[in-house]
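# Structural features, examined
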Amino acid sequence: MDSADDERISMSAAEARAVRDEFQRFLLEYEFGLKEIETKIEILRDEFLYMHDYNPIEHVSSRVKSTDSLLDKVRRRGLPPGLDVVRQHITDIAGVRITCSFTADVYRLFELLTQQDDVTLLLVKDYIAQPKPNGYQSLHAIVEVPVFLSTGAVRVPVEIQFRTIAMDFWASLEHKIHYKYERQVPEGLLASLKDAADTAAELDARMERLHRALHGGLPTSPAAVAPVPPLESPEPPRSLSA
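For clarity, every value in this text was computed on a predicted model and none was experimentally measured.

This next bit is on the overall build of the protein. Counting secondary structure elements, the protein contains six helices and five strands. The helix and strand sequence of the protein, counted from the amino end, reads α-β-α-α-β-α-β-β-β-α-α. The 242 residues of the protein split such that 39% are buried. Restricting the contact set of the protein to residue pairs at least 6 apart, pairs at least 24 apart contribute 70%. Of the roughly 14,300 Å² of accessible surface on the protein, a fraction of 53% belongs to carbon and sulfur atoms.

Here's what the structure looks like:
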């Protein structure tokens, strides 16, 4: 191997490291955006416990898409390579799931989070008011929050899913079934899943009525639990300095 070959290999390795470092910095923004949302959720939970002696949040989980998962989604959507393209077209790189006690809590927490001054609501899909054909229920929102870095401030999109315990249990089971059957689920099992989703929705309604009868209303309930109106497609995330 001559010196020219050595130089080409060395350059390729250096370029690979540069791409890796740039991608890691890119994902860091989403990790920081996730922390911003998680902090807001923790504050709301602590404030409810202190002021109302009531916690509307059962548990919270979060994740930033792995490199493999993100690249797979880029390929599936046929997007050209480039971080700017990914930033513009994929808005669920950072995700939070909030599991609540009751449906009223779902809508109240959605309202409290999205009405904060530094949170911009980009997109909402209310699968509680209009469940998916398979029975899936959840309230999905894409929000944008500012992240202040040493190089300046950027706005980062974060997907938030709000659901009740029953909705979360059904969604977890549905995911496991689809994984087991490699998305080729028998029709009879799909029908049973839909029936289970209807039963879960009925259980949510009954448990909330019992809670209201026992406590005289939920501290987190809005005046009326109403579907969230849909928004237009989100605008591309932008720099605060733009």
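Next comes the rest of the description.
The biggest cluster of nonpolar side chains holds 38 residues, and the ones touching the most others in it are Ile-98, Val-158 and Phe-162. Here this core takes eight residues from helix α1 (residues 3-52), the largest share from any one element. Setting aside anything within four residues of it in sequence, one finds Ile-98 in contact with Ile-41, Ile-57, His-59, Leu-109, Leu-113, Ile-160, Gln-161, Phe-162 and Arg-163. Ranked by size, the runner-up nonpolar core spans eight residues in total, among them Tyr-136, Trp-170, Ala-171 and Ile-177.

Another aspect to go through is a nonpolar patch on the surface. A contiguous nonpolar patch, built from Leu-203, Met-207 and Leu-210 and spanning about 300 Å² of accessible area, is present on the exposed surface. Topologically, Leu-210 is positioned in helix α6 (residues 187-215).

Strands pair in a sheet through their backbones, by hydrogen bonds, and they do so in one of two ways: parallel or antiparallel. Read from one edge of the open sheet, five strands run β1-β2-β5-β4-β3, paired in mixed fashion. Whereas interior strands pair on both sides, the edge strands pair on one side only; in this sheet they are β1 (57-64) and β3 (120-126). Each strand of the sheet is rotated relative to its neighbour by a mean of 25 degrees, with strand direction disregarded. When β3 meets strand β4 (residues 139-149), the two strands line up antiparallel, connected through six bridges. Residue pairing in the sheet places Leu-121 in a bridge with Val-143 of β4. Across the sheet, helix α4 (residues 103-114) lies against β1, β2 (94-100), β3, β4 and β5 (152-164), angled at about 170 degrees from β5, the strand it touches most.

Compared with the 42 Å implied by 1.5 Å per residue over 29 residues, the 42 Å span of α6 between its first and last C-alpha is a close match. What α6 keeps buried is the set Leu-193, Ala-197, Ala-200, Asp-204, Glu-208 and His-211. Buried residues in α6 make contact with α4, β5 and α5 (165-180).

A few words on the pattern of salt bridges. Oppositely charged side chains are able to pair whenever their charged atoms sit close together. Summed over the entire model, instances satisfying the criterion amount to 11 salt bridges. Note that Arg-163 and Asp-168 form a salt bridge whose closest N and O atoms lie 3.1 Å from each other. Neither Arg-163 nor Asp-168 differs from the other in exposure class; each is buried. Where salt bridges share partners, they join Lys-65, Lys-73 and Asp-92 into one cluster.

Here Ser-138 is to be found in the loop between β3 and β4. Among the polar contacts listed, one links the side chain of Ser-138 to the backbone oxygen of Phe-162, at a separation of 3.1 Å. Discounting chain neighbours no more than four positions away, the residues touching Ser-138 are Lys-125, Asp-126, Tyr-127, Ile-128, Gln-161, Phe-162, Arg-163 and Met-167.

For the largest pocket, the calculated volume is near 1,200 Å³. Lining the largest pocket are 37 residues, and of these Arg-63, Asp-92, His-140, Glu-159 and Gln-161 sit closest to its centre. Mapped by element, the contributors of at least two residues to the lining of the largest pocket are β1, α2 (67-76), β2, β3, β4, β5 and α5. The element that contributes the greatest number of residues to the lining of the largest pocket is α5, accounting for seven residues. Along the lines of polarity and charge, the residues of the lining of the largest pocket split into nine nonpolar, 12 polar and 16 charged. Each pocket or cavity is described by its volume, and for the second largest pocket that value is around 240 Å³. The wall of the second largest pocket is formed by 14 residues, among which Val-19, Phe-23, Leu-71, Gly-82 and Leu-83 lie closest to the centre. For the lining of the second largest pocket, the secondary structure elements donating two or more residues are α1, α2 and α3 (83-89). Residues belonging to the lining of the second largest pocket are distributed by class as follows: nine nonpolar, three polar and two charged.

Conventions used here
Residues numbered from 1 in each chain as written. Predicted model: local features only at pLDDT ≥ 70, side-chain atom pairs only at ≥ 80, totals over all residues. Heavy atoms only, no water. Helix = DSSP H or I, 4+ residues; strand = E, 2+ residues; numbered from the N terminus. Buried < 20%, exposed > 50% of the residue type's maximum accessible area, 1.4 Å probe, protein only. Contact = heavy atoms within 4.5 Å. Areas by Shrake-Rupley, 256 points an atom, 1.4 Å probe, with all protein chains shown as cover. Core = buried A, V, L, I, M, F, W, Y, C linked by side-chain atoms within 4.5 Å. Patch = residues over 30% accessible without salt bridge, like charges linked within 9 Å, V, L, I, M, F, W, Y side chains within 5 Å. Salt bridge = Lys/Arg side-chain N within 4 Å of Asp/Glu carboxyl O. Pairing = 2+ DSSP bridges. Axes fitted to C-alpha atoms, helices over the stretch in contact; angles between N-to-C directions. Expected span 1.5 Å × (residues − 1). Polar contact = N/O pair within 3.5 Å; in protein donor to acceptor, adjacent residues only side chain to side chain. 1 Å grid on protein atoms, 1.4 Å probe; cavity = no way out; pocket = protein on both sides within 12 Å on 5 of 7 lines; lining within 4 Å. Points joined across faces, edges and corners; volume = space filled by probe spheres on them. Nonpolar A, V, L, I, M, F, W, Y, C, P; charged D, E, K, R; others polar.

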